[in-house]
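Chain by chain, the residues:
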Protein chains: 2
Amino acid sequence: MSLEVQNGGAENGTSKAVVFSAVKPQLFVEVGKANEAVQFYKSAFGAAEVSRSMHPKRKADQELPLVLSAELELGSYAFLVSDLPNDSPAPVKTSGTGFVICLETEDVEAAVTKAVNAGAVAEGEVVEGDGACCGGRVGKVKDPYGFVWMICSPAKKCADGEAGAIPI
Amino acid sequence: MSLEVQNGGAENGTSKAVVFSAVKPQLFVEVGKANEAVQFYKSAFGAAEVSRSMHPKRKADQELPLVLSAELELGSYAFLVSDLPNDSPAPVKTSGTGFVICLETEDVEAAVTKAVNAGAVAEGEVVEGDGACCGGRVGKVKDPYGFVWMICSPAKKCADGEAGAIPI
C-alpha cells in the first residue's frame, strides 16, 4: 500500500506533480468543548491522542485555554479536534452540504455499543447494505458534538447497483 | 505503522475490544452533483476513483441516476462522495459544528495552485503556522461543493503553544 500519491499534471496541463502524505478530517466543536470531545473519542472509539496545540494568543478575559488542534489516531488514520472560536467566519461552520465519517470494522455491533456506552446516540438499527461501505453491515451513531459516524463492515469492491441502500 | 487499533474495553468497563481498519470521510453533495464532484477531486487533488455504487431504487420519474457512494483514493487514504437525496433527514446536512479536511504535502503552494486551477477558490494566502498541522505552511481552499480543504506541510510533533495560529 503506497503512502503517497502523485497528483500528476499531465491531465490538466500543469507541469508539476503534487504528492499528498496524509488526509485528516478536522472536526470543530463548540468553543471550550474540544478537550471533552477528545476524551469522548478516546472512550467511544479507542482513539489515541498524539499531539495537541493550544491557541497561543488568548485574551486576558478569556479564562478557558482553547484547543487549536488535538490530533487523534485510529490505527494508521488520524483526525483532528479543535475548538471553534465564536468569531470564526462562516465557511468552516457551513462547510459543504453534509458529511459523515465512516469507520470500518469487522464487528459493527460491538463498535456501536461501545460508542453508545460512551455517550453517542444510535440512529436506527444496524442493518445490511450501505452505499458508503458497499455491502455489509452498517450502523449510524451521532456523537455529543453533532458529528455522525457510520460504523460499517470493511468495504468490498463491487459493481454498480450491487449495494443495497439505506436511507441517509 | 499499524493498520489497526484496538478499541480496548478495560477503560470503560466493557469486555470487548473493537478494531477499526479504516477511517473515511464521506462528503455529500447536492443531488446530481456527485459525478461532477468526483471529476473535480480527480483534477484538483489527483484522487483515483476505486469504486462506485449507485442508488438501486430510483423512481421512474427521476431520470438522473444517483451516486450512493464513489470511493476516491489519495495514496493510502480514501474518501467517499455521495449524492444527497432531497428527502434526506437533517442530521447529515447539519452534521457537527464544522469541519475541514487537511491534506498534508511538502509542496503546499503547488497543491493550492492545482486545486485553484481545477476550480477551487483560495481563501487567503499560504501562510506560516497552523494548529491543524502544527507548524509549517498552510493554505486553504474551498471547493465548488462548499467543502473546505486545508493544504498544509506534514504535521510535526510539537509541544503546547509552539504552533502559531491563523484565523479559521
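This is a predicted model, so every value here is computed, not measured.

Would you explain the overall build of chain A in this entry?
Within chain A one finds three helices and 10 strands. From first element to last, N terminus to C terminus, chain A shows the α and β order β-β-α-β-β-β-α-β-α-β-β-β-β. By the burial criterion, 54% of the 168 residues in chain A qualify as buried. Looking at chain A alone, contacts between residues at least 24 apart form 52% of all its contacts between residues at least 6 apart. Per element, the accessible surface of chain A, about 7,100 Å² overall, is 50% carbon and sulfur.

How should the domain arrangement of chain A be read in this particular structure?
By a widely used convention, the size of an interface equals the accessible area lost when the partners come together. All names here are of chain A. Taken domain by domain, chain A holds domain 1 (26–84) and domain 2 (93–163). Across the domain 1 to domain 2 interface the summed buried area is about 1,100 Å²; carbon plus sulfur atoms make up 81%. On the domain 1 side of the contact with domain 2, Leu27, Phe40 and Phe45 bury the most area, a combined 46% of that side's loss. For the pair domain 1 and domain 2, the interface holds zero salt bridges. Counting across the domain 1 and domain 2 interface gives two residue pairs in polar contact (both at pLDDT 80 or more). Every element with two or more residues in the side of domain 1 that touches domain 2 is listed here: β2 (18–30), α1 (34–45) and β5 (77–84). Considering every element that reaches the side of domain 1 that touches domain 2, the biggest residue donor is α1, with seven residues.

How do you make sense of the packing of aromatic side chains when you look at a structure like this?
The description of an aromatic ring pair uses the distance of the two centres, along with the angle that the planes make with each other. Per the stated rule, a full pass over the model turns up 24 aromatic pairs over all chains. Between the aromatic rings of Phe40(B) and Tyr145(B), the centroid separation amounts to 6.0 Å while the plane-to-plane angle is 70°, which identifies the pairing as edge-to-face. Highlighted residues: Phe40(B) in helix α1 (residues 34–45) and Tyr145(B) in the loop between β9 (137–142) and β10 (148–152), separated in sequence by 105 residues. For the pair Phe40(B) and Tyr145(B), one class covers both residues: buried. Aromatic pair Phe99(B) and Phe147(B): ring centres 6.0 Å apart, planes at 70°, arrangement edge-to-face. With a gap of 48 residues between them, Phe99(B) in strand β6 (residues 98–105) and Phe147(B) in the loop between β9 and β10 connect regions that are remote in the sequence. Among the aromatic residues, those joined into a cluster by ring pairs are Phe20(A), Phe40(B), Tyr41(B), Phe45(B), Phe79(B), Tyr145(B) and Trp149(B).

How each quantity is defined
- Residues numbered from 1 in each chain as written.
- Chains lettered and ligands numbered in written order.
- Predicted model: local features only at pLDDT ≥ 70, side-chain atom pairs only at ≥ 80, totals over all residues.
- Heavy atoms only, no water.
- Helix = DSSP H or I, 4+ residues; strand = E, 2+ residues; numbered from the N terminus.
- Buried < 20%, exposed > 50% of the residue type's maximum accessible area, 1.4 Å probe, protein only.
- Contact = heavy atoms within 4.5 Å.
- Areas by Shrake-Rupley, 256 points an atom, 1.4 Å probe, with all protein chains shown as cover.
- Domains from an automatic or database assignment.
- Buried area = accessible area lost by both parts, 1.4 Å probe.
- Salt bridge = Lys/Arg side-chain N within 4 Å of Asp/Glu carboxyl O.
- Polar contact = N/O pair within 3.5 Å; in protein donor to acceptor, adjacent residues only side chain to side chain.
- Phe/Tyr/Trp six-rings, centres within 6.5 Å; stacked < 30°, edge-to-face > 60°.

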